[in-house]
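# A structural walkthrough
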Amino acid sequence: MALAFLLAGTPFSSVAQAGGGGAPVSDLRRPLLELSGKAFDLAWLDAMRSQQEILAGLSELERLHGQRSALKSWATIDKKERLARGEHLRTLRDQLEPPTATTHTDVVVAIVNSSEKDLLTHFDSFFLSEYPSQAAQSVALARLGLNKSRSAVIQREAASALAYEATRMNELRTLK
């Protein structure tokens, strides 16, 4: 497909389905399983922030290319909320470990050439299939944080993320 999504360096094709309820497991989560303590907390915050940026990027694409006004409106709000959640996660990370001179890479969404017209005219369908998959990544990361972190801050954030994802997905279901 000529349309390339370079979202936080993680192509959608790298997302694989695993057993256990069909929860997606990506290369993003695998390294977290080997970590503990502060190293886990920092890596979890980075992964969850990246996931929020991916979802914000998808919502921005829906806002720009979607055909259904209700879905575009939902995506506009979602993008704003996802970016705010990402900033909150960045703040938590900065509290845990002050930032260094290197900056975090923003979400990059690129359309490689103009042959995507057919996809763009049907972007709502793409959005409605891809967004839940990416939201499931956030749920999986939140559950991992809830179960593995010993930090009360991370556990609260993970519980908040689970509740937030449930709310957003319920809202999205009404738009399908």
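Residues numbered from 1 in each chain as written. Predicted model: local features only at pLDDT ≥ 70, side-chain atom pairs only at ≥ 80, totals over all residues. Heavy atoms only, no water.

### Re the nonpolar core
Basically, it comes down to this: Nonpolar core, defined: a set of buried Ala, Val, Leu, Ile, Met, Phe, Trp, Tyr and Cys residues in which side-chain atoms within 4.5 Å join the residues together. A 1.4 Å probe rolled over the protein chains alone gives each residue an accessible area, and that area as a share of the maximum for its type sets the label: buried under 20%, exposed over 50%, partly exposed in between. Only DSSP runs of H or I covering at least 4 residues are called helices, and only runs of E covering at least 2 are called strands; the numbering of each starts at the N terminus. Residues count as neighbours in contact if any of their non-hydrogen atoms are within 4.5 Å of one another.
Within the largest apolar cluster, 15 residues are counted, with the highest numbers of intra-cluster contacts made by Leu71, Trp74, Phe127, Tyr131 and Leu172. Breaking this core down by element, the ones donating at least two residues are α1 (37–65), α2 (69–96), α4 (123–148) and α5 (152–175). Among the elements that take part in this core, α4 stands out by supplying six residues, more than any other. If sequence neighbours within four positions are ignored, Leu71 has contacts with Glu62, Asp124, Phe127, Leu128, Leu172 and Leu175. The next biggest cluster of nonpolar side chains, apart from the first, holds 14 residues, and it includes Leu92, Leu141, Ala142 and Ala158.

### What to know about the pattern of salt bridges
Between side chains of opposite charge, pairing is possible as soon as their charged atoms come close. In plain terms, the rule: Salt bridge, as applied in this entry: a Lys or Arg side-chain nitrogen positioned within 4 Å of an Asp or Glu carboxyl oxygen.
Applying the stated rule across the entire model yields 14 salt bridges. In this structure, the salt-bridge partner of Asp78 is Arg82, at a minimum N-O distance of 3.4 Å. Taken together, the residues span about one helical turn, with Asp78 and Arg82 both in helix α2 at a distance of four residues. Exposure remark for Asp78: the relative accessible area of 0% places this residue in the buried category. The class of Arg82 is buried, set by a relative accessible area of 0%. With a closest N to O distance of 2.9 Å, Arg168 and Asp78 form a salt bridge.

### Description of α1
Quick note on the threshold: Expected helix span is taken as 1.5 Å per residue step, with the number of steps being one fewer than the number of residues.
Relative to the 42 Å expected for 29 residues at 1.5 Å per residue, α1 spans 42 Å between its end C-alpha atoms, a close match to the ideal helical length. Most of α1 is tucked away, with 22 of its 29 residues classed as buried.

### Remarks on the packing of aromatic side chains
Put simply, the rule is: Two aromatic rings, drawn from Phe, Tyr or Trp (for Trp, its six-membered ring), form a pair once their centres lie within 6.5 Å of each other, and the interplanar angle then sorts them: stacked below 30 degrees, edge-to-face above 60, tilted otherwise.
Scanning the model with the defined rule gives three aromatic pairs in all. On the basis of an interplanar angle of 70 degrees and a centroid distance of 6.3 Å, the ring pair of Trp74 and Phe127 is categorised as edge-to-face. Of this pair, Trp74 sits in helix α2 while Phe127 sits in helix α4, placing them 53 residues apart in sequence. Its relative accessible area of 0% is what places Phe127 among the buried residues. Centroid distance Trp74 to Tyr131: 5.3 Å. Interplanar angle 80 degrees. Geometry classified as edge-to-face. Separated by 57 residues along the polypeptide, Trp74 in helix α2 and Tyr131 in helix α4 bring together distant segments of the chain. As far as burial versus exposure is concerned, Trp74 and Tyr131 are alike and both buried.

### Things to note about α2
Spanning 28 residues, α2 covers 41 Å between terminal C-alpha atoms, matching the ideal 40 Å at 1.5 Å per step. Listed in full, the buried residues belonging to α2 are Leu71, Trp74, Ala75, Asp78, Arg82, Arg85, Gly86, Leu89 and Leu92. The inward-facing, buried residues of α2 abut α1, α4 and α5.

### Considering the confidence of the model for the chain
For clarity, the threshold we go by: pLDDT is defined as a per-residue confidence score from the predictor, taking values between 0 and 100.
The predicted model of the chain averages 78 in pLDDT, with 70% of residues at 70 or higher. Note on residues 1–23: pLDDT is under 50 here. Beyond four places in sequence and across chains, it has 46 contacts. Confidence over residues 101–115 falls short of pLDDT 50; this stretch has 28 contacts with residues more than four positions distant or in other chains.

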